[in-house]
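Residue-level structural notes
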Amino acid sequence: MTSAYRALAFAAHGYRAYLGDAFERLRLPALPERDLSGAECVVTGANQGIGFEVAGALVERGARVHCVCRDEARGRAAVEALNARASQTGRGRGRAELHACDLSSLAQTRRFVERYTASGRALHALVCNAGAMVHERGNTSEGFERNFAVNTLGTHVLVAGLRPVLGRTAQGDANLEGEGGYYAPRVVVVSSAGMMTEPLEVKDLEMRRTKKFDGVKQYARGKRHQTAMMERWARLELENVGEERVKSGRGYVGYYSMHPGWVATTGVANALPKFYASMAGKLRTTAQGADTILYLLTAGTEDLQPGAFYFDRAPVAKHITCGFTRYEPKQVDALVSKLDALQAEGSVRSEKNLLKASGSFTKGSATKDASTKDASPSSETKTKRSNPSWNIR
Ligand SMILES: NC(=O)c1ccc[n+]([C@@H]2O[C@H](COP(=O)([O-])OP(=O)(O)OC[C@H]3O[C@@H](n4cnc5c(N)ncnc54)[C@H](OP(=O)(O)O)[C@@H]3O)[C@@H](O)[C@H]2O)c1
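Here is a short report on the structure shown in this document. (Residues numbered from 1 in each chain as written. Predicted model: local features only at pLDDT ≥ 70, side-chain atom pairs only at ≥ 80, totals over all residues.)

1. Points about the overall build of the protein chain
What counts is decided by this rule: Numbering of helices and strands runs from the N terminus, with a helix taken as a DSSP run of H or I at least four residues long and a strand as a DSSP run of E at least two residues long. Think of it as a crowd count around each C-beta: if 20 or more other C-beta atoms lie within 10 Å the residue is buried, if 12 or fewer it is exposed, and in between it is partly exposed, with C-beta placed from the backbone throughout. Any two residues are considered in contact once their C-beta atoms, placed from the backbone, lie within 7 Å.
Assigned secondary structure in the protein chain consists of 13 helices and 10 strands. Taken over 393 residues, the protein chain has a buried fraction of 50%. Sequence separation of at least 24 residues holds for 77% of the intrachain contacts in the protein chain that already meet a minimum separation of 6.

Following this line, the structure appears as structure tokens:
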């Protein structure tokens, strides 16, 4: 009953606030004119949709954008298009670079983090945009439920793994070239207001205890995890550096989550075809969907609320009134402890999974394969390709 009430309240509010006409009615001023020459930015899922739009705006502002894409060919095409766009309209210094990495793979995500860290580059902005809505119960080749692998575990591995680099950048002078001046490093996670339909799930992270798998529910839980994780990193940052630093916007890392609105993208068309068709012409454009992300990336962090959930450039509620979804910080700590444990267990799990999937694997080769194999449908369990999903190609 509560869950039906939350779904209804979310839909009713969504029709009023999340579509393109609502964005237009706001008549927001132009985004801050921020020169990002010299900034190093990572954008996941940058080859299409909202991520591509964000990456384009960043290269135009002069940033070097590290595009994390799971498909090498699609990623390369996007990077070429971004660089062509930057040379025509940008400040000339902006560049896009491809990092092929499937974020549903723990091994590949860790490898990306290791390589980025080893490169010695600064990191000014991390945009966790890639997301999955898969309707069928199924596992990645490493044995993780597929929505959970990208939305929750992938986000955690990326943010926790790159936190030292962000911290180092904040501790350095973090000054950008050109007219950019000081730029406080920050993380923006593209969550979804759909998370408001679900409480914080800590026990059954991979929806294994429920008989009937519900991909929309599991997606909403992952988005709730993302928002809660940003809240926690912001809390820890505040404890570490103190309120004064946060107020001055210097020497600290900002953590935010946001909702882009209901946006016309391939992801929505594939995962929610009926909704997409019924909303034809009404959904937001990708530029409108990217607006709040770009606001969070260009505003001064002293003007932003750490750990907040943003929509249309303002912090908004994370819970539906009387929705019974509130949680304590210690529950988020418990979630993160579990994710850390799963990370540690990851390689063992993937080895077992691969051994189960094919009798021909020797123990050693299974481990090797787990680090390179994509989460292709052939290696997943109980997955029908014909079903609509946000994450399957
Ligand atoms: N559109 C909306 O109405 C809406 C509403 C709320 C929240 N969001 C969130 O917005 C974000 C962007 O979605 P979108 O609407 O722009 O959808 P999209 O057009 O499908 O873009 C998603 C991007 O993420 C990438 N991706 C997915 N799984 C990945 C993985 N395992 N590893 C690396 N990259 C992966 C996709 O790559 P491929 O091209 O290879 O698939 C694609 O580039 C998502 O997190 C979504 O949950 C969207």
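Back to the text.
2. So, the sheet that holds strand β4 (residues 125–128)
Our working definition: In this description, strands pair whenever DSSP reports at least two bridges between them. The axes are straight lines fitted to the C-alpha atoms, using for helices just the contacting stretch, and the angles between their N-to-C directions are given from 0 to 180°.
Spatial strand order, β3-β2-β1-β4-β7-β8-β9-β10: eight strands in an open sheet with mixed pairing. Both outer strands of the open sheet, β3 (95–100) and β10 (314–316), are each paired with one neighbouring strand and no more. Averaged over all neighbouring strand pairs, the angle between strand axes comes to 30°, with direction disregarded. As defined by bridge partners, strand β9 (residues 309–311) adjoins β10 across three bridges and the pair is classed as antiparallel. In the strand pairing of β10, Y310 is matched with P315. Against the sheet, helix α6 (residues 146–171) engages β4 and β7 (186–190), with an angle of about 180° to β4. Lying over the sheet, helix α7 (residues 215–241) contacts β7, β8 (254–258) and β9, oriented at roughly 160° with respect to β8.

3. A short note on the pairing of β8
Of all five residues that make up β8, five are buried, and the element is covered over most of its length. Taking every second residue as pointing to the same face, both faces of β8 are buried, with G254, Y256 and M258 on one and Y255 and S257 on the other. Both β7 and β8 contribute to a ladder of five bridges, which runs parallel. Bridged to R186 within β8 is G254. Relative to β9, β8 is paired through two bridges, and the arrangement is parallel. Paired with S257 across the bridge in β9 is F309.

4. Observations regarding the site of the ligand
Here is the rule: Using a C-beta atom placed from the backbone, a residue is described as near a molecule or strand when that atom lies within 6 Å of it. Gly is placed with the polar residues, together with every amino acid not listed as nonpolar (Ala, Val, Leu, Ile, Met, Phe, Trp, Tyr, Cys and Pro) or charged (Asp, Glu, Lys and Arg).
Not every one of the 32 residues close to the ligand is listed here, only the nearest: G45, G49, G131, T265 and G267. For the shell around the ligand, the secondary-structure elements that each account for two or more residues are α3 (49–60) and α9 (266–271). Looking at the shell around the ligand residue by residue, the class counts come to 12 nonpolar, 15 polar and five charged.

5. Description of the environment of P185
Summarising the element assignment, P185 is placed in the loop between β6 (181–182) and β7. Excluding anything up to four places from it in sequence, P185 contacts L123, H124, A125, L166, T169, A170, A174 and V253.

6. Here's the deal with the pairing of strand β1 (residues 40–44)
If a strand is regular, its side chains alternate between the two faces of the sheet. The cut-off we apply is this: Seen with its strands pointing away from the viewer, a crossover is right-handed when the path leading from the first strand over the helix to the second is clockwise.
Taken across its five residues, β1 has five buried, putting it largely inside the fold. With burial as the criterion, each face of β1 is covered, one bearing E40, V42 and T44 and the other bearing C41 and V43. As a crossover connection, the stretch from β1 through α3 into strand β2 (residues 64–69) is right-handed. As paired strands, β1 and β4 are joined by three bridges and run parallel to one another. What sits directly across from C41, in β4, is A125.

7. A few points about the nonpolar core
Convention followed: Joined through C-beta atoms within 7 Å, a set of buried Ala, Val, Leu, Ile, Met, Phe, Trp, Tyr and Cys residues constitutes a nonpolar core.
Core analysis: the largest hydrophobic core is formed by 98 residues, its most contacted members being A55, V65 and C67. With sequence-adjacent residues up to four places away left out, C67 is seen in contact with V43, A46, N47, A55, G75, A78, V79, A96, E97, L98 and H99.

8. Description of α6
Note: α-helices contain 3.6 residues per turn, so residues at a spacing of three or four share the same orientation. Going by this rule: A helix is expected to span 1.5 Å multiplied by its residue count minus one.
In this model α6 runs 36 Å from its N-terminal to its C-terminal C-alpha over 26 residues, within 8% of the 38 Å that 1.5 Å per residue would give. Among the 26 residues in α6, 20 count as buried, and that is most of the element.

9. Overview of the packing of α3 against helix α4 (residues 72–89)
The condition is simple: It is the rotation of the near helix from the far one that decides the hand of a crossing: anticlockwise by less than a right angle makes it left-handed, clockwise makes it right-handed.
Between α3 and α4, whose axes approach to 9 Å, the crossing angle comes to 35°. At the point where α3 passes α4, the crossing takes the right-handed sense. Of α4, the residues touching α3 (which contributes F52, A55, G56, V59 and E60) are A78, L82, R85, A86 and T89. Classifying every residue of the contact of α3 with α4 gives six nonpolar, two polar and two charged.

10. Considerations on the environment of G249
With respect to the secondary-structure elements, G249 resides in the loop between α8 (243–248) and β8. By C-beta crowding, G249 is classed as partly exposed, having 17 other C-beta atoms within 10 Å. C-alpha separation for the pair G249 and D303, spaced 54 residues apart in sequence, amounts to 8.4 Å. Apart from the residues within four sequence positions on either side, G249 is in contact with A184, G300, T301 and E302.

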